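Listed below, chain by chain, are the residues.
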Amino acid sequence: MITLKEALSLSKEELNKFKEDLKAKIEARPELNAYIDVNNAGDGIPIAIKDNIQVKDWSVTSGSNILQGYISPYNATVINKMASAGLTPFGRTNMDEFAMGSTTESSFYGKTLNPHAEDCVPGGSSGGSAAAVAAGLAIAALGSDTGGSIRQPAAFCGIVGMKPTYGRVSRYGLGAYASSLDQIGPMTQNVEDAAILYDIISGHDDKDSTSADMNDKVCDKLDANRKLRIAVLPKYIENASKDVKNAYAKAVQALKDLGHTIVEKEMMDAKYDISAYYITATAEASTNLARYDGIRYGNRVVGKNLEDTFIQTRSNGFGDEVKRRILLGNFVLSSGYYEAYYVKAQKTRHIIKDEYSKIFEDVDLILSPVAPTVANKFGELSNPMDMYLSDLYTISVNLAGLPALALPISKTENNMPVGLQLIANAYNEQTLFDGALGLEKQINYTNQ
Ligand code: GLN
C-alpha cells in the first residue's frame, strides 16, 4: 500500500485509478468486516473514517442500532480540514458501539477480524480503522481515543496510532462518548504519515469550546536524531505479558542505541486509573447518550405513549455494553453516591495528572506498554470486568489529557504484532513525533 506521503504527490488520474483498485480490494476481503460502508465518490486521497465522525450526507451510526437511518447533516471539523488538504472520506470503519469496548465485538454490524490472525480481535474501539490500515485496505484512517481506542487497536494490528493532547484536535462532529476524554487522531502505516495527518486535522476550532488556541505543526521540524530523556517504568510493566516485556526490553535497547538518556521512573498502581476512568467515562456517557431518545435521531420504536417510546427505543436500540455503562454512569452521578464515586474519581484524576507532571519535570517522553498482552482471541474478554482491566496502560493518558503514540516494536512467536507507546507532556507533539520517528527507524519493524 502506498503511504499518505506518496499519495499526496499522485495526479488526479492516478488517484482515481487507485481508488477503483482500492474499492475492489476491500470488496475482496468481506470477511474482515473492517468497513461498514465504502463510497468512492469525491475527489482526493481516500481516508477511512471511524463510524462516529460526521461526514455530511453520509450515514453515521457509531456502530449502533439506535442510529440506523441517521444521515449526518454536517461535516466534523476534521473532515473539513482534510478536504482543504486534498483528503476525502472514503469509507466508514467498524467500531465498538459508541466507542465502548476494546475488541470491536460490540458493533451492531458484527465483529471485525484481526488481519494477522482471524481468530483474534483487532482491538477496539477503532478496530475497523486499524484492521483496514493493517490489511492494506486504507492508506490511513481516523479513529477516536477516549481510553485507548486508537492506540490499543493500532498495537494489536501492527500499525501506528496517535492520540493528540486533549484540545489539539476539534471534537466538533465526533459522536460524544466521554467529552472530557475523547480525542480524534490518526491511524497510519508509519510515524511520518501520522505526523502528516495530525498536522492536517489539528488546530484551533471555534466550534469546540475545549479546543486549544494553538496551531503549531510538527512536520516541518521533524527530527529523528534529537537526543531525549526517556522514562522507563520497570515496576509498572510487571503486569504485562512476556511478549510485551520482551518488546519493552527491545525498545529500551533501541532507545539507548539511539543515544537517548534512559531514566527509571515509577507510576502508581493502575487499579486507581481504571476506577477513576470507568467512573468518569460512564458518568459522561450517561448524559451524552441521553439524547438518543427515538425522537431526534435515527431509529424509533413507537410505544404506547411518549415515555414508552423512549423506553422501547432505548431498550431495543442500545446493546448490552452501552446499557451497562448508562446504568453505571447514572449510579455514580446519583445523589448519595455522587460524592463517594464521581467526586473521588475527579480527585484521583488530579493525582494522576500531578504524577505525570512530576515525571515530565525530569524527562521528555515516557515509554509504556499499550496493552498487557497482544491481541486476544474472540470471546476471551467476554467478562466486562476483564475487559475494563485490560485498559490499564492506556487510560491514564486520557485522564491526564496527554499526547501518546503507539507504534509496532516486534512480533511474537505466533507472528502477532506487539506495539508500545511513547507518552509526551501536554502540547508536546513535536517531541512525541521526533522520538517516535527515531525509534521506528531504529526498530525497523515490517508488517509481513
Ligand atoms: N476500552 C475503553 C472503553 O471501553 C476505551 C474506549 C475508547 O477509547 N473509546 O471505554
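Keep in mind the model is a prediction, meaning the values are calculated, not measured. (Residues numbered from 1 in each chain as written. Predicted model: local features only at pLDDT ≥ 70, side-chain atom pairs only at ≥ 80, totals over all residues. Heavy atoms only, no water.)

Chemist: A description of the sheet that holds strand 5 (residues 160-163) should follow, citing residues and the corresponding values.
Modeler: On the basis of which strands lie adjacent, the open sheet formed by 11 strands has the order 1-3-2-4-6-5-10-11-9-7-8 and mixed pairing. Edge strands, defined here as strands with exactly one partner in the open sheet, are strand 1 (35-38) and strand 8 (261-264). In this sheet, adjacent strand axes meet at a mean angle of 30° when their direction is disregarded. Examined bridge by bridge, strand 2 (residues 45-50) and strand 3 (residues 87-93) share 6 bridges and lie parallel to one another. Directly across from I49, in strand 3, lies its bridge partner R92. On top of the sheet, helix 6 (residues 191-201) reaches strand 3, strand 4 (140-145), strand 5, strand 6 (183-188) and strand 10 (404-411); it is set at about 145° to strand 6, its chief contact. (Pairing = 2+ DSSP bridges. Helix = DSSP H or I, 4+ residues; strand = E, 2+ residues; numbered from the N terminus. Axes fitted to C-alpha atoms, helices over the stretch in contact; angles between N-to-C directions. Contact = heavy atoms within 4.5 Å.)

Chemist: I'd like a description of the site of the ligand, backed by residues and values.
Modeler: The environment of the ligand is formed by 15 residues, the closest being T146, G147, S149, Y177 and Y277. Here T146 contributes a backbone N or O atom positioned 2.8 Å from an oxygen atom of the ligand. For the ligand, an oxygen atom lies 2.6 Å from a polar atom in the backbone of G147. Burial of the ligand by the protein chains amounts to 99% of its free accessible area of 290 Å². Because more than half of its atoms lie within 2 Å of the grid, the ligand is assigned to the largest cavity. In terms of residue class, the shell around the ligand is built from 5 nonpolar, 7 polar and 3 charged. (Near = heavy atom within 4 Å. Polar contact = N/O pair within 3.5 Å; in protein donor to acceptor, adjacent residues only side chain to side chain. Areas by Shrake-Rupley, 256 points an atom, 1.4 Å probe, with all protein chains shown as cover. 1 Å grid on protein atoms, 1.4 Å probe; cavity = no way out; pocket = protein on both sides within 12 Å on 5 of 7 lines; lining within 4 Å. Sits in = over half its atoms within 2 Å of the grid points. Nonpolar A, V, L, I, M, F, W, Y, C, P; charged D, E, K, R; others polar.)

Chemist: Let's hear about the layout of surface pockets: which residues, and what values?
Modeler: Put simply, the largest pocket is a space of about 430 Å³. Around the largest pocket, the lining is made up of 20 residues, and of these G158, Q189, Y445, T446 and N447 lie nearest the centre. Mapped by element, the contributors of at least two residues to the lining of the largest pocket are helix 4 (127-134), strand 10 and helix 14 (429-443). Together, 21 residues line the second largest pocket, and Q54, Y74, L174, G175 and R291 are the ones closest to its centre. A breakdown of the residues in the lining of the second largest pocket according to their chemical character gives 9 nonpolar, 7 polar and 5 charged. (Points joined across faces, edges and corners; volume = space filled by probe spheres on them.)

Chemist: Report on helix 3 (residues 77-84), specifying residues and quantitative values.
Modeler: Burial in helix 3 covers these residues: T77, V78, I79 and M82. Considering only its buried residues, helix 3 is in contact with strand 2, strand 3, strand 4, strand 6 and helix 6. Backbone geometry just downstream of helix 3 places G86 in the positive-phi region, at approximately 85°. (Buried < 20%, exposed > 50% of the residue type's maximum accessible area, 1.4 Å probe, protein only.)

Chemist: Provide a residue-level description of the pairing of strand 7 (residues 229-232), including the pertinent values.
Modeler: Both strand 7 and strand 8 contribute to a ladder of 4 bridges, which runs parallel. In the strand pairing of strand 8, I230 is matched with I262. In this view, the connection linking strand 7 to its parallel neighbour strand 8 by way of helix 7 (residues 242-257) has right-handed handedness. (Right-handed = clockwise from strand over helix to strand, strands pointing away.)

Chemist: Which residues make up the packing of aromatic side chains, and what values go with them?
Modeler: In total, this model carries 15 aromatic pairs according to the counting rule given. Aromatic pair F331 and Y341: ring centres 5.5 Å apart, planes at 50°, arrangement tilted. Of this pair, F331 sits in helix 10 (residues 320-333) while Y341 sits in helix 11 (residues 338-359), placing them 10 residues apart in sequence. The class of Y341 is partly exposed, set by a relative accessible area of 34%. Feature note: the residues Y70, F98, Y292, Y297 and F318 constitute an aromatic cluster, connected by ring pairs. (Phe/Tyr/Trp six-rings, centres within 6.5 Å; stacked < 30°, edge-to-face > 60°.)

Chemist: Tell me about the pattern of salt bridges, and please be specific about residues and values.
Modeler: All chains considered together, the criterion is met by 20 salt bridges. Across the salt bridge formed by D43 and K12, the nearest N and O atoms sit 3.6 Å from each other. Linking D43 in the loop between strand 1 and strand 2 with K12 in helix 2 (residues 12-27), this pair joins segments that are 31 residues apart in sequence. A salt bridge links D57 to K56; its shortest N-O distance comes to 3.8 Å. Looking at K56, the relative accessible area reads 45%, which means it is partly exposed. Here the salt bridges do not stand alone but share partners, grouping R29, E31 and E118 into one network. (Salt bridge = Lys/Arg side-chain N within 4 Å of Asp/Glu carboxyl O.)

Taken by themselves, the reported measurements are silent on function.
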